[in-house]
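Residues per chain are reported as follows:
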Amino acid sequence: MHSLPHTYLLVSMVGIAIWVHEREGKSVGYFGGRVVAVTGAGAGIGRELAVHLARAGARLALPDLDESAVAETVDLCGAASGSVFAAAVDVSDRDAVLEHAAEVGDRFGRVDAVFNNAGILFAGDVLDSEFADIERVMSVDFWGVVYGTKAFLPYVMRADRGHVVNTSSAFGLMAAPGYSAYNAAKFAVRGFTESLRQEMQVGGHPVKVTCVVPGGVRTSIARRAGHAVGVDGDEVARSFEERIARTDPGEAARVILRGVERGKARVLVGTDARVVDVVTRVLGPAYQRLCRRRCVSRNDGFTHSLGDCSPVNLFAPGKPTRTPLAAGSTGRGAAAARCPWPRAASCQLAATRGSLWSSLFLSLERRSVGSQGFS
Ligand SMILES: NC(=O)c1ccc[n+]([C@@H]2O[C@H](COP(=O)([O-])OP(=O)(O)OC[C@H]3O[C@@H](n4cnc5c(N)ncnc54)[C@H](O)[C@@H]3O)[C@@H](O)[C@H]2O)c1
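Before going further, it helps to spend a moment on the overall build of the protein chain. When helices and strands are counted, the protein chain shows 13 helices and nine strands. Each of the 375 residues in the protein chain was classed as buried or not, and the buried ones make up 47%. A separation of at least 24 residues holds for 76% of the contacts in the protein chain among residues at least 6 apart in sequence.

Further remarks concern the site of the ligand. The environment of the ligand is made up of 31 residues, and the closest members are Gly-40, Gly-42, Gly-44, Gly-119 and Thr-219. Broken down by secondary-structure element, the contributors of at least two residues to the shell around the ligand are α2 (44-55) and α5 (131-156). Tallying contributions element by element places α2 first for the shell around the ligand, with three residues. Residues belonging to the shell around the ligand are distributed by class as follows: 13 nonpolar, 14 polar and four charged.

A separate point is the confidence of the model for the protein chain. Counting all residues, the mean pLDDT for the protein chain is 81, and 70% of those residues have values of 70 or more. In this model residues 297-302 is a low-confidence stretch, pLDDT under 50, and it forms 18 contacts with partners more than four residues away in sequence or in other chains. Note that residues 315-375 has pLDDT below 50 and, in this model, 66 contacts with residues that lie over four places away or in other chains.

If you trace the seven strands from one edge of the open sheet to the other, you get β3-β2-β1-β4-β6-β7-β9, paired in parallel fashion. Bordering the open sheet on either side are β3 (84-88) and β9 (266-269), each of which pairs with just one other strand. Neighbour-to-neighbour, the strand axes of the sheet open up by a mean angle of 15°, direction not taken into account. Bridge count between strand β1 (residues 35-38) and strand β2 (residues 59-64): three bridges; the pairing is parallel. Looking at β2, one finds that Ala-37 is bridged to Ala-61. Its contacts with the sheet put helix α8 (residues 249-261) on β6 (162-167), β7 (207-214) and β9, and the angle it makes with β9 is roughly 160°. Against the sheet, helix α9 (residues 271-283) contacts β7 and β9, and its axis sits at roughly 120° relative to β9.

Attention now goes to the nonpolar core. Ranked by size, the top nonpolar core spans 90 residues in total, and within it Val-36, Ala-50, Leu-60 and Leu-62 carry the most contacts. At 10 residues, α5 tops the list of elements feeding residues into this core. Two domains each donate at least three residues to this core, and these are domain 1 (8-278) and domain 2 (282-368). For Ala-50, the residues in contact, after removing those within four places along its chain, are Val-38, Ala-41, Leu-60, Leu-62, Thr-73 and Cys-77.

Packing of α5 against helix α6 (residues 180-202) leaves a shortest axis separation of 8 Å and a crossing angle of 15°. Regarding the angle of α5 to α6, the classification is roughly parallel. Here α5 runs over α6; the crossing is right-handed. On α6, the residues that touch Asp-133, Ile-134, Val-137, Met-138, Asp-141, Phe-142, Val-145, Val-146 and Thr-149 of α5 are Ala-181, Tyr-182, Ala-184, Ala-185, Lys-186, Ala-188, Val-189, Phe-192 and Leu-196. Residues of the contact of α5 with α6, tallied by class, amount to 14 nonpolar, one polar and three charged.

Looking now at the packing of α2 against α8. Packed helix pairs are specified by the crossing angle of their axes together with the interaxial distance, meaning the distance between the axes. Two elements in contact, α2 and α8, have axes separated by 8 Å at closest approach and are oriented at 60°. Read as a crossing pair, α2 and α8 show a hand that is right-handed. Here α2 contributes Gly-44, Ile-45, Glu-48, Leu-49 and His-52 to the contact with α8, which in turn contributes Pro-249, Gly-250, Ala-252, Ala-253, Arg-254, Ile-256 and Leu-257. Classifying every residue of the contact of α2 with α8 gives seven nonpolar, three polar and two charged.

Analysis parameters
Throughout, residues of each chain are indexed from 1 in the direction in which the sequence is written. Local features in this predicted model are restricted to residues of pLDDT 70 or higher, and side-chain atom pairs are both shown and tallied only at a pLDDT of 80 or more, whereas totals for entire chains, interfaces and linings draw on every residue. Helix and strand definitions follow DSSP, with helices as H or I runs of at least four residues and strands as E runs of at least two, each counted in order from the N terminus. For every residue, the other C-beta atoms within 10 Å of its own C-beta are counted; 20 or more classify it as buried, 12 or fewer as exposed, and values in between as partly exposed. C-beta atoms are placed from the backbone. By the convention adopted here, residues make contact when the C-beta atoms placed from their backbones lie within 7 Å. Nearness is defined per residue: the C-beta atom, placed using the backbone, must lie within 6 Å of the molecule or strand. In this classification, Asp, Glu, Lys and Arg are treated as charged, Ala, Val, Leu, Ile, Met, Phe, Trp, Tyr, Cys and Pro as nonpolar, and every other residue, Gly included, as polar. Each residue carries a pLDDT score, the predictor's own confidence in it, on a scale running from 0 to 100. At least two DSSP bridges between two strands are required for those strands to pair. Note on geometry: axes are lines fitted to C-alpha atoms, helical ones only across the stretch in contact, with angles between N-to-C directions running from 0 to 180 degrees. Put simply, a nonpolar core is buried Ala, Val, Leu, Ile, Met, Phe, Trp, Tyr and Cys residues tied into one set by C-beta atoms within 7 Å. Domain limits in this description derive from either an automatic procedure or a database domain assignment. Working definition: roughly parallel below 35 degrees, roughly antiparallel above 145 degrees, roughly perpendicular at 65 to 115 degrees, and oblique for all remaining angles. What makes a crossing left-handed is the near helix being turned counterclockwise from the far one by less than a right angle; a clockwise turn instead makes it right-handed.

Encoded structure:
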C-alpha cells in the first residue's frame, strides 16, 4: 500500500503529465485532418510549422522557392505519402501562386488554412538601396502575402473553421534605421491582415485571421539576407545570431499554432516581441529617438548591426556615448552630430526609460533563452 506522500507524488505526476499532454497536444490536435498550406516551409519557422502540423495529422501543401529544402521538410514531416504536397513556387509570382492554390484545391478537395510565412530580410539605408532591392523585398514579403491570401481565400471561406495566418514581424511594429524595405513590407502585412480580419467579421464569414509578430527566432534568415553596397552582410548575420535570435523555431511554431487555434488577432512570438509591443504603445513615436540614438552611439557611425538597432537590444542597458564622427561619415551619423543639446537631453531621458524596460526585459529574457542551433 502507498503511503500518503507517495500518493500525492503519484497524483501530481499524473496531473503534470496531463497538463503537458494538453499543452502540446491541444493546439496541434485542432488541425488533425485539416488541409493546411504553409509558404516558405523549406526552412526555419515554416519548416517547424509543417512538422508540427504533420504530427497533428494535417494534410499539407508546402510551396517554397527552394525545391530541395522543402523536400527535406517533407522527409522530416514523416507523413503518410499523399498527405504532403511540396512544390517549387515563388510567392512573388502571382500566376504561380494562383496556379498552386488551384492545384492544392483539386488535389485535396478543400483548404482549411493558409500560413503566408515565406519572407526575406534586407539591410541597407534608403540612400544606398537600389529600387530593385526594395521592390524585391516588397514583392516577396508583402505581395507574396497578398497573393497567398487572395489565392487561398475562396477555399478557406468554404471551410467550417477557416484560417488565414500572415507573418509580419516585431519590425512591423517598430522601424529601425537601415531596414526600411523590410519595415515597410512588415508594416504593410500587418495593416493588410488586420483589415482582412475585420472584413471577415463584418461579412459574417467563418474565417479567423491572425497576424504573427515574431521577435528574433533562431533561423537562417539573416544568413540569406540581401544587403546594400557597403553593408557588411556577415556582420548583419553574426549580430542577428549572437544578439537577436533568441527563440527556438520549434517553440515559435508551437506559440503560433496555439494562437491560431484560439483565433487570436495577433500572436507575439518571444519576449522581445512582447516588449516591443508594449514599448511602442507606451512611447508612441518617441521610440524612434531611442532607436536612433542607440544605433549611432554604439556603432561609431552606423554599421547596420541588427544587434544594436533591433527591437531586442534597443532597450539593453549601456550608457550611450557621443562618438566623434569620422570624416566623410554619411546619413545617420551626420544627423546625430547635428543633434543640439536640448534634444540630446530628451534622447537621454528616453534612453533612461529604456534602461528601466531593459531591466524587466532582460530578467524575463534570461529565463527564456534556449541553447539550440539554427535551422
Ligand atoms: N527569424 C526571425 O527572427 C524572424 C523575425 C520576425 C519575422 N520573421 C518572419 O518569419 C518568416 C519566416 O522567417 P524564417 O526566419 O523562418 O526565414 P528562413 O530564411 O529560415 O526561411 C524562409 C523560407 O522561405 C523561403 N522563401 C524565401 N523567398 C521565397 C519566395 N520568394 N517564394 C517562396 N519561398 C520563399 C525560403 O526558401 C525559406 O525556406 C518570414 O516572413 C520572416 O520575415 C522572422
